[in-house]
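Here is how the chains run, residue by residue.
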Amino acid sequence: MENKKEFRNWLEAHRLEHPLVIAGPCSAETEEQVLKIAHELKDSDTTYLRAGIWKPRTRPGNFEGVGAIGLKWLQKAKAETGLLTATEVANRAHVDLALEHDIDLLWIGARSTVSPFIVQEIADALQGTDKVVLVKNPVNPDLALWIGAVERLYTADIKNLGVIHRGFSTYDKSKYRNNPEWQIAVDFQSKYPDIPLICDPSHITGKRDMILEVSQTALDLNYDGLMIETHYDPDNAWSDAAQQVTPDSLKQIFLDLRIRKEHD
Ligand code: PEP
Ligand code: MN
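Notes on the structure follow.

What counts, and at which threshold
- Residues numbered from 1 in each chain as written.
- Chains lettered and ligands numbered in written order.
- Predicted model: local features only at pLDDT ≥ 70, side-chain atom pairs only at ≥ 80, totals over all residues.
- Heavy atoms only, no water.
- Helix = DSSP H or I, 4+ residues; strand = E, 2+ residues; numbered from the N terminus.
- Buried < 20%, exposed > 50% of the residue type's maximum accessible area, 1.4 Å probe, protein only.
- Contact = heavy atoms within 4.5 Å.
- Areas by Shrake-Rupley, 256 points an atom, 1.4 Å probe, with all protein chains shown as cover.
- Lys, Arg positive; Asp, Glu negative; His and termini not counted.
- Charge placed at Lys NZ, Arg CZ, Asp CG, Glu CD.
- Donors = N, O, S within 2.8 Å, 3.2 Å for Na, K, Ca; no water.
- Near = heavy atom within 4 Å.
- Polar contact = N/O pair within 3.5 Å; in protein donor to acceptor, adjacent residues only side chain to side chain.
- Nonpolar A, V, L, I, M, F, W, Y, C, P; charged D, E, K, R; others polar.

## A few points about the overall build of the chain
And step 1. Assigned secondary structure in the chain consists of 11 helices and eight strands.
And step 2. Burial status across the chain gives 53% buried among its 264 residues.
And step 3. Sequence separation of 24 or more characterises 73% of the internal contacts of the chain that already satisfy a separation of 6 or more.
And step 4. Accessible surface, the chain: about 11400 Å² in total, of which carbon and sulfur atoms supply 50%.
And step 5. Each charge sign in the chain was given a centre, from 30 positive and 40 negative side chains, and these centres are 2 Å apart.

Next comes the structure, spelled out in structure tokens:
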């Protein structure tokens, strides 16, 4: 995959912003919420504002996202703050709508990466795009399935391709929401060193007080970036309340990461 270095080059060119930071709420809830979070993140290390608008809930009966209207809120947030925008896509219709609204980064969620049919459909819809496309690892600890998804996107000539490590589900009791199984991501990294690797400590830990420690491990392992769920009122978030941090806590996390780095 040597010729797929655009995203990597872009990351290098933005060395000052290294690691790449993607932050924002698990779910877009209201226009006011998206805009308030965007403004509070404006003066942080954040490059991409994330917000899920189609939410893949494991069980029915929970908030399933605001849908396409959220794309307009992201566009408005970008116009007001200059932050680039990011959302999850899970089928061809999502991709078409996200591209129509000029969303800058599209990611494939862990529940979609497990399905070769859906990954292929998304790859076909994204054929040749210059947008950044990130593939979360599948929910289960299966390196081949993760690689297979990357290969489908690579074959569709997606230039700015990266992956997100969000941990792996387990039936055993664990202090993590999704076990990091760092070795799987390290194996991915050694097989594809040119594909940027982002860590999602929010879905790995499920708890906001563990975000710093997992982010530190990821940076120590030379990850290229972090995706951290951020909300001004985490306890009252409509999804993933226990793991979201406030914009102020996010800024503190990056100060702490930097201080530790300087002490190396
Ligand atoms: C998310 O990023 O909010 C999300 C649903 O993540 P995952 O696909 O990792 O569960
Ligand atoms: Mn979430």
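## Describing the coordination of the manganese ion (ligand 2)
And step 1. Of the protein atoms, only Cys26 (SG), His203 (NE2), Glu229 (OE) and Asp240 (OD) coordinate the manganese ion (ligand 2), at distances of 2.1 to 2.4 Å.
And step 2. Linear spacing of the donor residues for the manganese ion (ligand 2) on their chain is C-x176-H-x25-E-x10-D. Within this pair, whereas Cys26 is found in the loop between strand S1 (20–24) and helix H2 (31–41), its partner His203 is found in helix H9 (residues 201–205), the two being separated by 177 residues in sequence. Neither Cys26 nor His203 differs from the other in exposure class; each is buried.

## Side note on the environment of Gly162
And step 1. Mapped onto the secondary structure, Gly162 falls in strand S6 (residues 160–165).
And step 2. Note: C-alpha distance between Gly162 and Met210 (48 residues apart in sequence) is 24 Å.
And step 3. Once residues within four sequence positions are removed from consideration, Gly162 is found in contact with Phe7, Val133, Leu134, Val135, Ile195 and Pro196.

## Here we look at the site of ligand 1
And step 1. Taken together, the neighbourhood of ligand 1 is formed by Cys26, Arg50, Lys55, Glu88, Trp107, Gly109, Ala110, Arg111, Lys136, Arg166, His203 and Glu229.
And step 2. The side chain of Glu229 places a nitrogen or oxygen atom 3.2 Å from an oxygen atom of ligand 1.
And step 3. When ligand 1 sits alone it has 300 Å² of accessible area, and the protein chains cover 96% of it.
And step 4. Class assignment of the residues belonging to the shell around ligand 1 gives a composition of three nonpolar, two polar and seven charged.

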